[in-house]
Amino acid sequence: MSEVKKIAVLGGDGIGPEVVGEALKVLKKTEELFGYKFETEQALFGGIAIDEKGTPLPQETLDLCLASDAVLLGAVGGPKWDSNPAALRPETGLLGIRKALGLFSNIRPATVFDCLKDASTLKPEVLEGTDLIVVRELTGGIYFGEKSRRDTENGQEAIDTCVYNEKEVERIVRQAFDIAMTRSKRLASVDKANVLETSRLWREVVIRVAADYPEVELEHVLVDNCAMQLLRRPASFDVIVTENMFGDILSDEAAMLTGSIGMLSSASLGEGSFGLYEPVHGSAPDIAGQGISNPIATILSVALMFRLTFGYHDAAQSIEDAVKAVLDAGHRTGDIAVDKSSAVGTNAMGDLIVAAMKK
Ligand code: NAD
């Protein structure tokens, strides 16, 4: 008997609850197939929490997350709360939960499914075999450094400061090496060491940590070159690790390789194995409640949870293979369908994936 893993489930707003509902079906099927045990508990988060509790991140939701092994999040936000003051906006809850849970890295896989190669703006032959992960530092760098303005003879001057210390760099770099060890053991560390001091420190730390991972093939790539190579030879990357702002930009670029936002999973990790897992997409208010959203991003987020937090690689593979099999069989939700009239709905897509899961 495996131990029970506790998962806090935050459906959120818009299509969040519907895509999370399909992911819960996958959890149940995993229990049946593999004998793993999950205890799930739902809590309010985002706009719905503002409506019912007066805050996007109620204390009881945070307490539940802190007492759990992992968090599964749908999406938050919507026009209803867009004109609220900052403290009463769903997105403030996102920043708050990441901070409160000490999540310092964001992990985004970009996998190109062969049968969806045509959905991308890049040529199919360039995309062939693309299966990479961007590991982005989330709590340091220029986004969080000191900001100021001053008057000069040339008008106002604005200053953003980029700061990193060795500890911040080492913890995320180790995470990236650990992830590379579970994949094809290739790591690209992206920096701008020819110009930036923070990047030179970054590179020194990467080289030092690399000594503990002799099996991993390491390359240092300058960020401008990486931006080019992602379009030229995306399949040659496996794991990419980089600082906050570079990662923000490169992970969006990598996302576009896959062609559809409804397919992209993500994880935010802190110390240890704890993680928050969510689709990259938002709450899609334009299609909420119609039963047509694509649940694959959220279902693949569960696979990511199995790999990164629980080490259940067999169950993760089962989910990933099932998604591929369902797509190969021609089933599509509206967002990825060429012929929209034959598209399946959210529920049907979830059921098809559950039915395709095998031990
Ligand atoms: P969005 O990702 O919600 O939607 C962008 C487009 O993609 C829409 O046309 C939508 O219908 C489509 N789409 C997204 N996910 C889909 C899915 N699973 N299946 C099919 N189609 C899908 O981005 P947006 O419209 O810019 O933002 C809507 C709301 O979501 C905003 O309030 C925003 O702040 C919020 N948001 C939340 C998160 C989060 O919770 N992490 C992330 C991004 C945006």
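Residues numbered from 1 in each chain as written. Predicted model: local features only at pLDDT ≥ 70, side-chain atom pairs only at ≥ 80, totals over all residues. Heavy atoms only, no water.

An unreviewed UniProt entry lists the protein chain under the name 3-isopropylmalate dehydrogenase, with Paenibacillus montaniterrae as the source organism. UniProt annotates the protein chain under Subcellular location (unreviewed entry) with the comment "Cytoplasm". (UniProt positions renumbered as here; feature names shortened; annotations may be inferred.)

Turning our attention to the nonpolar core. One finds Val135, Phe177, Phe306, Ile319 and Val323 to be the most contacted residues of the largest nonpolar core, which totals 62 residues. The element that contributes the greatest number of residues to this core is helix α10 (residues 296-310), accounting for 9 residues. Residue contributions to this core reach at least three from each of two domains, namely domain 1 (1-104 + 263-359) and domain 2 (121-258). In this structure Ile319 touches Val26, Ile299, Val302, Ala303, Phe306 and Met357, once residues within four positions along its chain are discounted. (Core = buried A, V, L, I, M, F, W, Y, C linked by side-chain atoms within 4.5 Å. Buried < 20%, exposed > 50% of the residue type's maximum accessible area, 1.4 Å probe, protein only. Helix = DSSP H or I, 4+ residues; strand = E, 2+ residues; numbered from the N terminus. Domains from an automatic or database assignment. Contact = heavy atoms within 4.5 Å.)

The next point concerns the packing of helix α1 (residues 16-34) against α10. Relative orientation of the contacting elements α1 and α10 amounts to 45°, with a least axis distance of 8 Å. Accordingly, the angle class assigned to the pair α1 and α10 is oblique. Crossing handedness for the pair α1 and α10: right-handed. Counted together, Val19, Val20, Glu22, Ala23, Val26, Leu27 and Thr30 of α1 and Thr298, Ile299, Val302 and Phe306 of α10 form the full contact between these two elements. (Axes fitted to C-alpha atoms, helices over the stretch in contact; angles between N-to-C directions. Parallel < 35°, antiparallel > 145°, perpendicular 65-115°, else oblique. Left-handed = near helix turned anticlockwise from the far one by under 90°.)

Take helix α11 (residues 313-328) next. In this model, α11 (16 residues) spans 22 Å end to end at C-alpha, consistent with the 22 Å of a helix rising 1.5 Å per residue. Regarding α11, the residues found buried are Ala315, Ala316, Ser318, Ile319, Ala322, Val323, Val326 and Leu327. All buried residues of α11 fall inside an arc of 165° around its axis, so they share one side. In this structure, the buried residues of α11 make contact with α1, α10 and α12 (346-356). Directly beyond the C-terminal end of α11, a positive phi value near 100° is found at Gly330. (Expected span 1.5 Å × (residues − 1). Arc of directions from axis to C-beta.)

As a further point, take helix α3 (residues 59-66). Within the sequence span of α3, burial applies to Thr61, Leu62, Leu64 and Cys65. One side of α3 holds all its buried residues, which, seen down the axis, span an arc of 160°.

Among the 21 residues in the neighbourhood of the ligand, the closest are listed as Glu91, Gly282, Ala284, Asp286 and Asn294. Glu91 places a polar side-chain atom, nitrogen or oxygen, 2.5 Å from an oxygen atom of the ligand. At 3.1 Å from an oxygen atom of the ligand is found a main-chain nitrogen or oxygen belonging to Ser283. For the ligand, the accessible surface in isolation is 810 Å², of which the surrounding protein chains cover 68%. Partitioning the shell around the ligand into residue classes produces 9 nonpolar, 8 polar and 4 charged. (Near = heavy atom within 4 Å. Polar contact = N/O pair within 3.5 Å; in protein donor to acceptor, adjacent residues only side chain to side chain. Areas by Shrake-Rupley, 256 points an atom, 1.4 Å probe, with all protein chains shown as cover. Nonpolar A, V, L, I, M, F, W, Y, C, P; charged D, E, K, R; others polar.)

Here we come to the side chain of Thr61. Tracing the chain through its elements places Thr61 in helix α3. When neighbours within four sequence positions are excluded, Thr61 is seen to be in contact with Leu10, Ala43, Leu44 and Phe45.

Another aspect to go through is the UniProt feature "site: Important for catalysis" (unreviewed entry) in the protein chain. On the UniProt side, "site: Important for catalysis" (unreviewed entry) is annotated at positions that read Tyr143 and Lys192 here. The exposure class assigned to Tyr143 is partly exposed, which follows from its relative accessible area of 32%. What Tyr143 contacts, discounting residues up to four positions off in sequence, is Arg136, Asn244, Met245 and Asp248. You can see Lys192 is positioned in the loop between β8 (186-191) and α7 (197-210).

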